[in-house]
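Residue strings, one per chain:
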Amino acid sequence: MPAANMDAVRAIAEELKADILTMTQEEDNKRGFQEVSRSFICELLVFPTPDMYAYAARASIGDAVYHEPTTLAFEAHVAKVTGKEDALFLPSGTMSNQIALRTHLKQPPYSVLCDHRSHIVRYEAGGTAFHSGAHSQMVIPSNGHHLTLADIEENIVLGSDLHRHSFTAAHLRHSAPTEVISLENTLNGTIFPQDEIIRISDYAHSVGVKMHLDGARLWHVAAETGTSMKELCAPFDSVSLCFSKGLGAPIGSCLVGTKEFIARARWFRKLFGGGMRQTGFMTAAAAYALTHNFPRLPAVHALTRRLEDGLREIGVEITSGAETCMVFFDPSPVGISYVELVERARSLPEPIKLGGSRLVVHIQTSPQAVDDLLALVRQLAEEKKAAGFVKPEKTLTNGKAFKNAYVKVKA
């Protein structure tokens, strides 16, 4: 290469150099761990630890398109513990859910029946409609907690009914037949009773409808109930499992199902742009999370219950109790608004991060942060009482109106 060209290459190389770490990166990271220990916004904010990174650095250096030993071993392990034939590692829970639905849905028109609070309809950017062209039939649980077989039977649209010559069949032809029932466990931190899941699954399979589970937080169900992952996954044709939510891995979910299903899902992963190469360090981090962080979940649940008990003692209304790692609350009975609480928590000498009505406890939550939050709420309640606030009487309503427990504060 001519000298002039080499000079140009050196100039380009200088331009491309990037040192993106700060001069105080180690101290910055320590502060980051301190901040997340006082954040109740989401367990996805949990940071990977140095030990997790050290384990991940020992992973194989294969290529997942061809042969990546660590990834293959991890996928095989996840398939085994869930009782499924095969598993597929994916970068996110959203992709895992959407690829599962796209793999199940083959010939429109079709619809996916789900709880109206489900992640697949509220927090996946309209992916079910965009990727699969599917209608989402969102159902409000009649018991306010979880969908029941009665809810399913009342709202399902069966393709077999469309061929009948009746007024009902003619009416149903205006709707998209239900192809998949998608459940979520946990949903907003609440546990879906396994016996009800089995009843729904038995009915769905008897009428030719597939069952998918968004099990991003299914680890919490296993940790709280002592039910094996295999038993929890058995009623479903496909299950999505997240290693970031609750477990603290930096990235990744697994989709599990039959070998035929996963082979087709693998093709859709490529189509969706989710095909990855050197994934060994990612799956190694996820394996570390399963091994070392899953056993910590019972302590997380206990700390969440302590937070709930403290709020109740102050007089705050609990709108959804601490079944696992979340508690939803309404501070208005003691005169406090969400915005006021968020701002005061942020202004503490050691700030606490809040996002509204949902409080999420995770494996890096400090018990001191729980105590400090309760102390702040108690102080605010006393200030309101001293200023003359009197708890209003509850007004009775005719019938049961739905109230969304998840109130977000933009701050």
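Summarised in this report is the structure supplied together with it.

Analysis parameters
Residues numbered from 1 in each chain as written. Predicted model: local features only at pLDDT ≥ 70, side-chain atom pairs only at ≥ 80, totals over all residues. Heavy atoms only, no water. Salt bridge = Lys/Arg side-chain N within 4 Å of Asp/Glu carboxyl O. Helix = DSSP H or I, 4+ residues; strand = E, 2+ residues; numbered from the N terminus. Buried < 20%, exposed > 50% of the residue type's maximum accessible area, 1.4 Å probe, protein only. Pairing = 2+ DSSP bridges. Axes fitted to C-alpha atoms, helices over the stretch in contact; angles between N-to-C directions. Contact = heavy atoms within 4.5 Å. Left-handed = near helix turned anticlockwise from the far one by under 90°. Nonpolar A, V, L, I, M, F, W, Y, C, P; charged D, E, K, R; others polar.

This structure, assessed with the given rule, holds 16 salt bridges. With a shortest N-O distance of 2.4 Å, glutamate 43 and arginine 217 are connected by a salt bridge. You can see glutamate 43 sitting in the loop between helix 2 (25-36) and helix 3 (50-56) and its partner arginine 217 sitting in the loop between strand 5 (210-214) and helix 11 (218-225), a full 174 residues away along the chain. Arginine 217 matches glutamate 43 in its accessibility class, with the two residues each being buried. Notably, a salt bridge pairs arginine 199 with aspartate 195, separated by 4.0 Å at the nearest N-O pair.

This next bit is on the sheet that holds strand 4 (residues 178-184). Pairing within the open sheet is mixed, and its seven strands lie in the order 1-7-6-5-4-2-3. What marks the edges here is a single partner per strand, and that holds for strand 1 (86-90) and strand 3 (135-139). This sheet shows a mean twist of 20° between the axes of neighbouring strands, independent of strand direction. Sheet topology note: the strand 4/strand 5 ladder contains five bridges and is parallel. Looking at strand 5, one finds that isoleucine 181 is bridged to methionine 211. Packed onto the sheet, helix 4 (residues 69-82) meets strand 1, strand 6 (238-242) and strand 7 (253-257) and runs at close to 125° relative to strand 1.

Right, let's talk about the packing of helix 5 (residues 93-104) against helix 13 (residues 259-271) for a bit. It is at 9 Å that the axes of helix 5 and helix 13 come closest, and there the two elements cross at 120°. As helix 5 packs across helix 13, the resulting crossing turns out to be right-handed. Along its contact with helix 5, which presents Ile99, Ala100, Arg102, Thr103 and His104, the element helix 13 presents Phe261, Arg264, Ala265, Phe268 and Arg269. By residue class, the composition of the contact of helix 5 with helix 13 is five nonpolar, two polar and three charged.

Attention shifts here to the side chain of serine 201. Its place among the elements puts serine 201 in helix 10 (residues 194-206). Relative accessible area serves as the criterion here: at 3%, serine 201 is assigned to the buried category. Beyond its immediate chain neighbours, meaning those up to four positions away, serine 201 contacts Met211 and Pro235.

The values are spatial; any link to function lies outside them.
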